[in-house]
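Breakdown of the fold
Chain residues, written in single-letter form:
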Number of protein chains: 2
Amino acid sequence: MIGYPNCKKKSTAPSKANSQSRRGMPLEDEINTTNRYYLDQDRAAVYKKPIPINIVKVQYQSRQTAKITEAYYQMPSTTDYNGIYQSQYLDFEAKQTDSKTSMPMRMIHPHQLEHLRRVIRYGGVAFLIIRFTYYDQTFYVPAAVMLAEYDAGVKTIKHEWFTTNGFLIPYRYLAPVDYLSVIDQLKLEDKLQ
Amino acid sequence: MIGYPNCKKKSTAPSKANSQSRRGMPLEDEINTTNRYYLDQDRAAVYKKPIPINIVKVQYQSRQTAKITEAYYQMPSTTDYNGIYQSQYLDFEAKQTDSKTSMPMRMIHPHQLEHLRRVIRYGGVAFLIIRFTYYDQTFYVPAAVMLAEYDAGVKTIKHEWFTTNGFLIPYRYLAPVDYLSVIDQLKLEDKLQ
């Protein structure tokens with residue numbers, strides 16, 4: 001159940017791997033910063049979807065304020081991020097791993113991979129952002145190549161695989177995970193799926 | 001503050017207007033049913049975004065289950081729905097009113113209108129779904145025409161305005177708010193913004 005709030009906290013706790021990284025800001029925060037920058041620059045509108053929550057009890061203190069007193073996390077049905085850039089629909093999931101060697105496929109939920117498959121079928125730009133915190137490397141991985149591994153039953157993807165099948169996302173101060181620069185490059189080379 | 005969970009409950013409570021309608025299912029539920037049908041038919045992937053919630057306290061009962069014991073509703077920064085259809089990015093907000101005469105502009109938050117303006121600028125399909133429960137009519141309104149009213153300082157939009165500026169969304173049993181049929185028609189006529 002990696003990727004859930006309780007687990008996420010764990011993976012962002014200080015660790016040997018993290019302390020090696022130049023920065024150490026969690027991937028999610030860096031992507032949010034990047035998306036805010038894209039908004040400010042009037043380039044793209046990409047948002048993280050809120051975590052779906054099943055609300056059981058609410059106390060109404062007044063007409064305006066409601067306090068939720070019992071609620072539970074729900075399984076998200078799609079990926080975490082989507083939006084629009086240059087008339088194109090973007091959809092992606094982001095994960096980070098502390099491992100030096102590989103990323104386990106189970107880090108990405110099967111229904112998220114199926115959602116990305118659907119996005120490709122409908123003509124959207126589907127990808128994954130995978131960070132190896134140990135190497136301080138963040139990769140843009142087209143969903144199609146990840147799906148090929150998944151369909152072949154691959155359970156673990158080696159770090160080397162990312163260096164040949166993914167694209168390193170440049171770090172910029174104002175856009176720490178500047179994934180649009182990768183999309184721009186792929187578009188130029190007519191390689192954007 | 002219309003459109004918030006505590007207020008939403010009020011507007012879907014039984015009322016004279018609602019009891020006149022053929023159906024009476026809340027608009028949100030009908031749109032969700034429609035979106036599920038589109039998914040089943042492999043036509044489009046459109047989802048309602050979860051309501052953003054600010055989580056204050058969480059009890060961890062075990063590694064797997066977390067109980068949220070204090071949380072508050074947050075202001076959503078965008079519209080409620082977005083997705084992809086035939087390579088196009090769709091983005092819309094949905095509201096229903098019990099009024100016989102008009103819809104107050106304040107039902108739609110200014111930041112949601114600004115978000116829709118941005119979506120148009122980036123080449124997406126931006127619209128509103130407005131239901132008059134009294135007449136049991138649900139309108140597709142291109143965001144551009146609604147923004148023109150908003151920019152002109154209009155505070156209340158008459159029901160008649162919708163019949164001339166909007167497009168009636170057909171009701172179908174499996175797709176109760178079949179908005180894609182309006183998009184298809186607008187596309188055919190080359191009128192899709």
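Preceding this section is the structure that the text describes.
All names here are of chain A. Note that His111 resides in helix H4 (residues 110–121). A residue is classified by how much of its surface remains accessible, and His111, at 27% relative accessible area, is partly exposed. Counting along the chain gives 63 residues from His111 to Leu174, while the straight-line C-alpha distance between them is 32 Å. Discounting chain neighbours no more than four positions away, the residues touching His111 are Met75, Pro76 and Ser77.

In this section: the packing of helix H4 (residues 110–121) of chain B against helix H5 (residues 143–151) of chain B. All names here are of chain B. In the contact formed by H4 and H5, the axes pass within 10 Å of each other and the chain directions differ by 130°. Judged by the angle between their axes, H4 and H5 are oblique. H4 and H5 meet at a crossing whose hand is left-handed. Contacts from Pro110, Leu113, Glu114, Leu116, Arg117 and Ile120 in H4 reach Ala143, Ala144, Met146, Leu147, Tyr150 and Asp151 in H5. Each residue belonging to the contact of H4 with H5 can be placed in one class, and the counts come to nine nonpolar, no polar and three charged.

Turning next to the interface of chain B and chain A. Interfaces are often described in size by the accessible area the parts lose on coming together. Residue-level contacts link 42 residues of chain B with 42 residues of chain A. Counting each side, the surface lost to burial between chain B and chain A is near 3800 Å², with a carbon and sulfur contribution of 58%. Per-residue buried area on chain B facing chain A is highest for B:Ile68, B:Ile84 and B:Tyr122; these three make up 17% of the total on that side. The tally of links between chain B and chain A comes to four salt bridges. A:Asp42 is the salt-bridge partner of B:Arg121, the closest N and O atoms lying 2.7 Å from each other. In this assembly, chain B and chain A are joined by 13 residue pairs in polar contact (both at pLDDT 80 or more). Looking at the side of chain B that touches chain A element by element, the count peaks at eight residues for strand E3 (residues 66–73) of chain B.

Once turned by 180° and shifted 0.0 Å along the axis, chain B lies on chain A with an RMSD of 0.0 Å. The transformation relating the two chain copies, once decomposed into turn and shift, fits a two-fold axis. When the interface residues of chain B are mapped onto chain A, 100% of them again lie at the interface, so the same face is used by both copies.

Before going further, it helps to examine the nonpolar core. A:Ile130, A:Met146, A:Phe162, B:Ile130, B:Met146 and B:Phe162 are the most contacted members of the largest nonpolar core, which totals 48 residues. Setting aside chain neighbours within four positions, we find A:Ile130 in contact with A:Lys95, A:Met103, A:Ile108, A:Gln137, A:Thr138, A:Phe139, A:Val141, A:Met146 and A:Phe162.

Turning our eyes to something else, we now look at the sheet that holds E3(B). One open sheet holds the four strands; their spatial order is E2(A)-E3(A)-E3(B)-E2(B), and the pairing between them is antiparallel. Both outer strands of the open sheet, strand E2 (53–60) of chain A together with strand E2 (53–60) of chain B, are each paired with one neighbouring strand and no more. Taking each pair of neighbouring strands and ignoring which way they run, the sheet shows an average axis angle of 25°. Relative to E3(B), strand E3 (residues 66–73) of chain A runs antiparallel, the two being bridged by four bridges. Bridge assignment links A:Ile68 to a residue of E3(B), and that residue is B:Ala71.

All names here are of chain B. On the secondary structure map, Lys95 appears in strand E5 (residues 88–97). Among the residues examined, Lys95 registers a relative accessible area of 6% and is labelled buried. Taking C-alpha positions, Lys95 is 21 Å from Ala45, a pair spaced 50 residues apart along the chain. Within the structure, the side chain of Lys95 is placed 3.3 Å from the side chain of Glu93, a separation counted as a polar contact.

The next thing to look at is the side chain of A:Gln96. Tracing the chain through its elements places A:Gln96 in strand E5 (residues 88–97). Polar side-chain contacts of A:Gln96 include one of 3.5 Å to the backbone nitrogen of A:Leu27.

This part takes up the pattern of salt bridges. Under the definition given, this model contains 22 salt bridges over all chains. Put simply, B:Asp178 and B:Arg172 hold a salt bridge, and the shortest N to O gap is 2.5 Å. Assessed through its relative accessible area of 5%, B:Asp178 is described here as buried. With relative accessibility at 41%, the residue B:Arg172 sits in the partly exposed group. Among the ionic contacts, a cluster of salt bridges with common partners joins A:Asp42, B:Arg118 and B:Arg121.

Once that is clear, we can look at the sheet that holds strand E4 (residues 81–85) of chain A. Residues and elements named next belong to chain A. Taken in spatial order, the six strands of this open sheet run E1-E4-E5-E7-E8-E10, and their pairing is mixed. Each having just a single partner strand, strand E1 (44–48) and strand E10 (167–168) make up the two edges of the open sheet. The sheet contact formed by strand E8 (residues 137–142) and E10 spans two bridges and is antiparallel. Residue pairing in the sheet places Tyr140 in a bridge with Phe167 of E10.

We now examine the packing of aromatic side chains. All names here are of chain A. Per the counting criterion, the structure on display carries 27 aromatic pairs over all chains. Consider the rings of Phe139 and Phe162, whose centres lie 5.7 Å apart with planes at 35°: the pair is tilted. Here the residue Phe139 occupies a position in strand E8, and Phe162 occupies one in helix H6 (residues 159–165), the gap between them amounting to 23 residues. The two residues Phe139 and Phe162 agree in class, both being buried. Of the aromatic side chains, those joined through ring pairs into one cluster are Tyr38, Tyr81, Phe92, Phe127, Tyr140, Phe167 and Tyr179.

Thresholds applied
Residues numbered from 1 in each chain as written. Chains lettered and ligands numbered in written order. Predicted model: local features only at pLDDT ≥ 70, side-chain atom pairs only at ≥ 80, totals over all residues. Heavy atoms only, no water. Helix = DSSP H or I, 4+ residues; strand = E, 2+ residues; numbered from the N terminus. Buried < 20%, exposed > 50% of the residue type's maximum accessible area, 1.4 Å probe, protein only. Contact = heavy atoms within 4.5 Å. Axes fitted to C-alpha atoms, helices over the stretch in contact; angles between N-to-C directions. Parallel < 35°, antiparallel > 145°, perpendicular 65-115°, else oblique. Left-handed = near helix turned anticlockwise from the far one by under 90°. Nonpolar A, V, L, I, M, F, W, Y, C, P; charged D, E, K, R; others polar. Buried area = accessible area lost by both parts, 1.4 Å probe. Salt bridge = Lys/Arg side-chain N within 4 Å of Asp/Glu carboxyl O. Polar contact = N/O pair within 3.5 Å; in protein donor to acceptor, adjacent residues only side chain to side chain. Least-squares fit on C-alpha atoms with pLDDT ≥ 70 in both. Core = buried A, V, L, I, M, F, W, Y, C linked by side-chain atoms within 4.5 Å. Pairing = 2+ DSSP bridges. Phe/Tyr/Trp six-rings, centres within 6.5 Å; stacked < 30°, edge-to-face > 60°.

Interpretation note: all reported values are geometric properties and have no functional meaning in isolation.
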